[in-house]
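Take a look at the letters that make up each chain.
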Amino acid sequence: MTAIRYDDDDLYLPAQAERGARRHRKPRPNPHDRQASRAVLTEAVDPIELEGGFVTTYRPSRHEWGWLLQSLEDFYNRGLLSDVLAIIKGGKEANVYRCRAHPDTGLGLVAAKVYRPHSLRQMRNDQVYRQGREILTPNGRPVGKEAERMAHAIQKKTAYGREAAHTSWLMHEFTTLQTLYGSGGAVPYPVAAGPNALLMSYLGDEKLPAPSLHEVAIESDEAGPLFDEVLRNIELMLSHGIVHADLSAYNILYWEGEITLIDFPQVVDAAANRQAYDILERDIARVCGYFARHAPRDAARRGDWRDPRGLTGRLWRRYIGQTPLERDVSEARLYREDEI
Ligand SMILES: Nc1ncnc2c1ncn2[C@@H]1O[C@H](COP(=O)(O)OP(=O)(O)OP(=O)(O)O)[C@@H](O)[C@H]1O
Ligand SMILES: [Mg+2]
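Thresholds applied
Residues numbered from 1 in each chain as written. Chains lettered and ligands numbered in written order. Predicted model: local features only at pLDDT ≥ 70, side-chain atom pairs only at ≥ 80, totals over all residues. Heavy atoms only, no water. Near = heavy atom within 4 Å. Polar contact = N/O pair within 3.5 Å; in protein donor to acceptor, adjacent residues only side chain to side chain. Areas by Shrake-Rupley, 256 points an atom, 1.4 Å probe, with all protein chains shown as cover. Helix = DSSP H or I, 4+ residues; strand = E, 2+ residues; numbered from the N terminus. Nonpolar A, V, L, I, M, F, W, Y, C, P; charged D, E, K, R; others polar. Buried < 20%, exposed > 50% of the residue type's maximum accessible area, 1.4 Å probe, protein only. Salt bridge = Lys/Arg side-chain N within 4 Å of Asp/Glu carboxyl O. Expected span 1.5 Å × (residues − 1). Patch = residues over 30% accessible without salt bridge, like charges linked within 9 Å, V, L, I, M, F, W, Y side chains within 5 Å. Axes fitted to C-alpha atoms, helices over the stretch in contact; angles between N-to-C directions. Parallel < 35°, antiparallel > 145°, perpendicular 65-115°, else oblique. Left-handed = near helix turned anticlockwise from the far one by under 90°. Contact = heavy atoms within 4.5 Å. Core = buried A, V, L, I, M, F, W, Y, C linked by side-chain atoms within 4.5 Å. Donors = N, O, S within 2.8 Å, 3.2 Å for Na, K, Ca; no water. Pairing = 2+ DSSP bridges.

Remarks on the site of ligand 1
- Inspection of the region around ligand 1 gives 18 residues, with K89, K113, S201, L203 and D263 positioned closest.
- Within the contact set of ligand 1, a nitrogen atom lies 2.9 Å away from a backbone nitrogen or oxygen of S201.
- Contacts to ligand 1 include N251, whose side-chain N or O atom sits 3.2 Å from an oxygen atom.
- Surface burial for ligand 1 is 94%, taken as the share of its 610 Å² of free accessible area covered by protein chains.
- Those elements that place two or more of their residues in the shell around ligand 1 are β4 (81–90), β5 (94–101), β6 (109–115) and β8 (197–201).
- For the shell around ligand 1, a count of residues per class yields 10 nonpolar, three polar and five charged.

Some remarks on unusual backbone geometry
- Its identity is not glycine, yet E256 carries a phi of approximately 50°, on the positive side.
- You can see E256 is positioned in the loop between β10 (252–255) and β11 (258–261).
- The exposed category is assigned to E256, whose relative accessible area is 68%.
- One non-glycine residue, D263, lies in the positive phi region at around 70°.

Overview of the pattern of salt bridges
- On inspection of all chains with the given rule, the structure shows 12 salt bridges.
- In this structure, the salt-bridge partner of D228 is R302, at a minimum N-O distance of 2.9 Å. With D228 in helix α6 (residues 220–239) and R302 in the loop between α8 (296–301) and α9 (303–306), this residue pair connects regions lying 74 residues apart in the sequence.
- With relative accessibility at 16%, the residue R302 sits in the buried group.
- For D246, the salt bridge goes to R286, with nearest N and O atoms at 3.5 Å. Taken together, the positions of D246 in the loop between β9 (242–243) and β10 and R286 in helix α7 (residues 276–294) put the pair 40 residues apart, joining distant regions of the chain.
- One continuous salt-bridge network, built from bridges that share partners, spans K113, E173 and D263.

Structural notes on helix α5 (residues 159–182)
- Helix length check: α5, at 24 residues, gives a terminal C-alpha distance of 34 Å against a target of 34 Å (1.5 Å per residue), a fit within 8%.
- Within two residues after α5, G184 carries a phi angle of roughly 85°, on the positive side.

Observations concerning a nonpolar patch on the surface
- Residues L107, Y181 and Y189 make up a contiguous nonpolar surface patch of about 260 Å² in total accessible area.
- Here L107 shows up in the loop between β5 and β6.
- The exposure class assigned to L107 is partly exposed, which follows from its relative accessible area of 33%.

A word on the packing of α7 against helix α10 (residues 308–319)
- The geometry of α7 relative to α10 is characterised by a closest axis approach of 9 Å and an angle of 130° between their N-to-C directions. In this view, α7 runs oblique relative to α10, as classed from their interaxial angle. The way α7 lies across α10 gives a crossing that is right-handed. Contacts between α7 and α10 pair A276, Y277, L280, E281, I284, A285 and C288 from the former with P308, R309, L311, T312, G313, L315 and W316 from the latter.
- Per-class residue counts for the contact of α7 with α10 are 10 nonpolar, two polar and two charged.

Side note on the nonpolar core
- Counting residues in each nonpolar core, the largest one holds 61 residues, and the members touching the most others are L213, I218 and F291.
- Excluding residues within four positions of it along the chain, F291 makes contact with L213, I218, A223, L226, F227, V230 and W305.

Looking at the coordination of the magnesium ion (ligand 2)
- In the first shell of the magnesium ion (ligand 2), the protein supplies N251 (OD1) and D263 (OD), at 2.2 to 2.3 Å from the metal. Pair noted here: N251 is in the loop between β9 and β10 and D263 is in the loop between β11 and β12 (268–269), with a separation of 12 residues, a long-range link. With respect to class, N251 is no different from D263; both count as buried.

A short note on the pairing of strand β7 (residues 190–193)
- Where β7 lies against β8, three bridges are found, and the strand directions are antiparallel. The residue bridging P190 from the neighbouring strand is M200, located in β8.
- Between the antiparallel neighbours β7 and β8 lie three residues.

Next up, the structure:
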């Protein structure tokens, strides 16, 4: 089996992931002061009114203004959203905002993930993930008759193709949240999706969003149960035939002792994507690496943390079938038998 090649520095193989993680390791905050280092980037007090009567407490910057309004207005018009309170994080692909849901929804605070316009988006090499995936339309369903034309446009990166790829990327995140949430996964509740944004339940409180596992120092007695919960979610995804494909301590939120997995646009189809096995191994290696580093005493007892490769093989066989290596071997054997 050939190794995956990535031409993007946020994509690398498990062995490199370990090295990278060591290099970038930051001092851990005091566990009793977990929230102290969390900074909310901008927060304003006086609500301002945007076009169309949409009131926001958060003051968007000039270049963010139109994009934010356009992306969230539909949620406001549908009676889902009443205020944008603060930006939680500006990521590579999207900004996430803490918002107040409309009181009629009973949802309280919600998180709005607003995808950047293509021009401002740091494109990752998403072809690796798209391979074997259906193109999803704004209603979350696969494209029908138009599929071939759309796939061609996406490949050629025409304006129409970029738009279709953008929508499909976002809808994969939304429909994955729906699937996992509906089957008991530890993921945010997906409230609604629009062409450029999705609304989901918010982890955190009025002041601070939940930190990611990467930002907290977990207690040693929590490590085992938290790892098992991450593993339960990896298995749940595999039982639906999918792999997260960007799983790490950065995409696992920690709030009130519990974890929640986030950030799903790049999920891959385990059966259809030729690199899915390696991608799963990378996810598992990053998670195991985090727990082995942060709970070294438990690591001595947890053989699975020290053997992500073995764990990947076992999970793959349980949920998907033969590993690529086993498949290659049995195909080679068949081939030889044919020759005799
Ligand atoms: N439901 C939520 N509740 C609270 N905070 C959230 C929620 N969803 C996302 N966040 C915050 O927003 C950040 C970015 O979200 P996400 O990882 O989905 O987007 P991204 O653009 O892929 O970001 P990155 O490039 O940093 O991975 C998360 O790291 C987390 O801090
Ligand atoms: Mg992320």
